[in-house]
Amino acid sequence: RTEAVRKVLIKAETPGRVVRLPVERGARVKAGTVIARLALDDRQARLNEARALARQRQIEYRAAEKLKAKGYRAETAYAASQAQLDAARAQVARIEIEIAKTRIRAPFDGIVEEQVAELGAYLKVGEVIAQLVDEDPYLVIGQVSEIDVARLALDADGEARLVGGEPVHGRIRFIAATADPETRTFRVELEVANRERRLRDGVTAELRLPVGTIRAHVVSPAVLTLDDEGRIGVRAVGTDSRVRFYPVKILADDNDGVWLAGLPEVVDVIVVGQEFVRHGDRVEAVAAQAGS
């Protein structure tokens, strides 16, 4: 399935009444865009008061500094004046931060999936204002069996085919280190570009993760046989007209037949009568007719 890289619930960091919602649900926004504003209430007045006090403390500190230089002010009194100035400046900074928090901004580029807050509502700290979804890149999530997960590697290429048939390409960005306890499978994430904003969250997809290339032959399942040791394989005729048994590994099967590994690149497989000959027998081979 597809999944957004990030889904964030944006919450209020300071209490206040919602006085403006500049963007609507479904709007695409850039990082830093104001998506809601809270009432300032008395914050501006408190900031003006704090700045006035800071200016006063600055004047007092300069006076104390001059008196100390002339030897008329004790070290402790000078230190106290400096501490008062620092405290006044800190109070200004705290109120400025509080005021900045009344403008709720998007932390990254994305789409406003949900606009939870209502105009005029009073929000407490931690209450949800909106949900923002990052649309680019996107993830395609799959589960890989414990048998196959060791064959995957981070940053390897992969392909996903969406339920509508559209293919998308990307790279493996995450392979889980712990299996799902119920399915014994490992989560794998394929990161794909979504610059055109065509992908949506939760769409079914088929994930293909190539793990290498191997030479194989496709044959009819009917040519498979067993040797005296119980190994599965095929019987073929060598250049010396003698029968040879080749153990094989079945890689996959499809509508065309079974894919086998372990055969020479060119091989004359016995397709009729393979059960009546043994390894080393001399035979007179006859080429099979098309379709036989």
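The model shown is predicted, which means the values in this text are computed figures rather than measured ones.

Concerning the overall build of the protein chain
Right, so step 1: Looking only at helices and strands, one finds 2 helices and 21 strands in the protein chain.
Right, so step 2: Taken over the C-alpha atoms alone, the protein chain extends approximately 120 × 50 × 35 Å along its principal axes.
Right, so step 3: Considering the protein chain as a whole, with its 292 residues, one finds that 33% of them fall into the buried category.
Right, so step 4: Relative to all contacts within the protein chain whose residues are 6 or more apart in sequence, the contacts with residues 24 or more apart total 66%.
Right, so step 5: Of the roughly 18,500 Å² of accessible surface on the protein chain, a fraction of 49% belongs to carbon and sulfur atoms.

Here's the deal with the pairing of strand 18 (residues 243-247)
Right, so step 1: Of the strand pairs in this sheet, strand 17 (residues 232-237) and strand 18 are connected by 5 bridges, and their pairing is antiparallel. Residue pairing across strands places Val237 opposite Val243, the latter belonging to strand 18.
Right, so step 2: Where strand 17 folds back onto strand 18 in an antiparallel hairpin, the turn is made up of 5 residues, including Ser241, whose phi is positive at roughly 65°.

Digging into a positive patch on the surface
Right, so step 1: Taken together, the side chains of Arg62, Lys66, Lys70 and Arg89 present a region of like positive charge at the surface.
Right, so step 2: In terms of residue count, helix 1 (residues 43-70) provides more of the positive patch than any other element does, 3 residues in total.
Right, so step 3: With respect to the secondary-structure elements, Arg62 resides in helix 1.

Examining the sheet that holds strand 20 (residues 257-261)
Right, so step 1: One open sheet accounts for 3 strands, arranged 15-20-19; its pairing is antiparallel. Bordering the open sheet on either side are strand 15 (217-219) and strand 19 (249-254), each of which pairs with just one other strand. When the angles between neighbouring strand axes are averaged without regard to direction, this sheet yields 30°.
Right, so step 2: Bridge analysis of strand 15 against strand 20 gives 3 bridges, and the strand direction is antiparallel. Looking at strand 20, one finds that His217 is bridged to Leu260.

Digging into the environment of Asp201
Right, so step 1: Here Asp201 shows up in the loop between strand 13 (185-192) and strand 14 (205-208).
Right, so step 2: Relative accessible area serves as the criterion here: at 35%, Asp201 is assigned to the partly exposed category.
Right, so step 3: A distance of 3.0 Å separates the side chain of Asp201 from the side chain of Lys7, its partner in a polar contact.

Here's the deal with the packing of helix 1 against helix 2 (residues 75-100)
Right, so step 1: Orientation of helix 1 relative to helix 2, taken along the N-to-C sense of each, is 160°, at an axis distance of 8 Å. Comparing the axis directions of helix 1 and helix 2 gives the class roughly antiparallel. When you trace helix 1 past helix 2, the crossing you get is left-handed.
Right, so step 2: Looking at side-chain class alone, the contact of helix 1 with helix 2 contains 12 nonpolar, 6 polar and 11 charged residues.

Section: the nonpolar core
Right, so step 1: If you look at the biggest cluster of nonpolar residues, it comprises 20 residues, and the most contacted ones within it are Leu190, Val192 and Leu209.
Right, so step 2: With residues near it in sequence (within four places) discarded, Leu209 still touches Val144, Leu152, Gly158, Ile172, Val188 and Leu190.

Some thoughts on the side chain of Glu3
Right, so step 1: Structurally, the position occupied by Glu3 is in strand 1 (residues 2-4).
Right, so step 2: Within polar-contact distance, the side chain of Glu3 engages the side chain of Arg1 at 3.3 Å.
Right, so step 3: For Glu3, the side chain forms a polar contact with the side chain of Arg187, separated by 2.9 Å.
Right, so step 4: In this structure, Glu3 is in contact with Tyr138, Leu139, Ile141, Arg187 and Asp201, ignoring residues within four places of it in sequence.

What to know about the sheet that holds strand 5 (residues 34-38)
Right, so step 1: Pairing is antiparallel in the open sheet, where 4 strands are placed in the order 6-5-3-8. Because the sheet does not close on itself, it has two edges, and the strands there are strand 6 (103-105) and strand 8 (122-123).
Right, so step 2: For strand 5 and strand 6, the ladder comprises 3 bridges, and the chain directions are antiparallel. Looking across to strand 6, one finds that Arg37 is bridged to Arg103.

Points about the pattern of salt bridges
Here the idea is simple: oppositely charged side chains can pair when their charged atoms come close.
Right, so step 1: Counted according to the given criterion, the structure contains 26 salt bridges.
Right, so step 2: The residue Arg1 makes a salt bridge to Glu3 at a minimum N-O spacing of 3.3 Å.
Right, so step 3: Linking Arg25 and Glu114 is a salt bridge whose minimum nitrogen-to-oxygen distance equals 3.3 Å. With Arg25 in the loop between strand 3 (16-20) and strand 4 (28-29) and Glu114 in strand 7 (residues 110-115), this residue pair connects regions lying 89 residues apart in the sequence.
Right, so step 4: A single network of salt bridges, built from pairs that share partners, joins Arg1, Glu3, Asp155, Arg171, Arg173, Arg187, Glu189 and Glu191.

A closer look at the pairing of strand 17
Right, so step 1: The buried fraction of strand 17 is high, at 5 of 6 residues.
Right, so step 2: The sheet contact formed by strand 16 (residues 225-226) and strand 17 spans 2 bridges and is antiparallel. In the strand pairing of strand 17, Thr225 is matched with Gly233.
Right, so step 3: Linking strand 16 to strand 17, which pair antiparallel, is a turn of 5 residues; within it Gly230 sits at a positive phi near 85°.

Analysis parameters
Residues numbered from 1 in each chain as written. Predicted model: local features only at pLDDT ≥ 70, side-chain atom pairs only at ≥ 80, totals over all residues. Heavy atoms only, no water. Helix = DSSP H or I, 4+ residues; strand = E, 2+ residues; numbered from the N terminus. Buried < 20%, exposed > 50% of the residue type's maximum accessible area, 1.4 Å probe, protein only. Contact = heavy atoms within 4.5 Å. Areas by Shrake-Rupley, 256 points an atom, 1.4 Å probe, with all protein chains shown as cover. Pairing = 2+ DSSP bridges. Patch = residues over 30% accessible without salt bridge, like charges linked within 9 Å, V, L, I, M, F, W, Y side chains within 5 Å. Salt bridge = Lys/Arg side-chain N within 4 Å of Asp/Glu carboxyl O. Lys, Arg positive; Asp, Glu negative; His and termini not counted. Charge placed at Lys NZ, Arg CZ, Asp CG, Glu CD. Axes fitted to C-alpha atoms, helices over the stretch in contact; angles between N-to-C directions. Polar contact = N/O pair within 3.5 Å; in protein donor to acceptor, adjacent residues only side chain to side chain. Parallel < 35°, antiparallel > 145°, perpendicular 65-115°, else oblique. Left-handed = near helix turned anticlockwise from the far one by under 90°. Nonpolar A, V, L, I, M, F, W, Y, C, P; charged D, E, K, R; others polar. Core = buried A, V, L, I, M, F, W, Y, C linked by side-chain atoms within 4.5 Å.

Distances and angles like these do not, on their own, reveal function.
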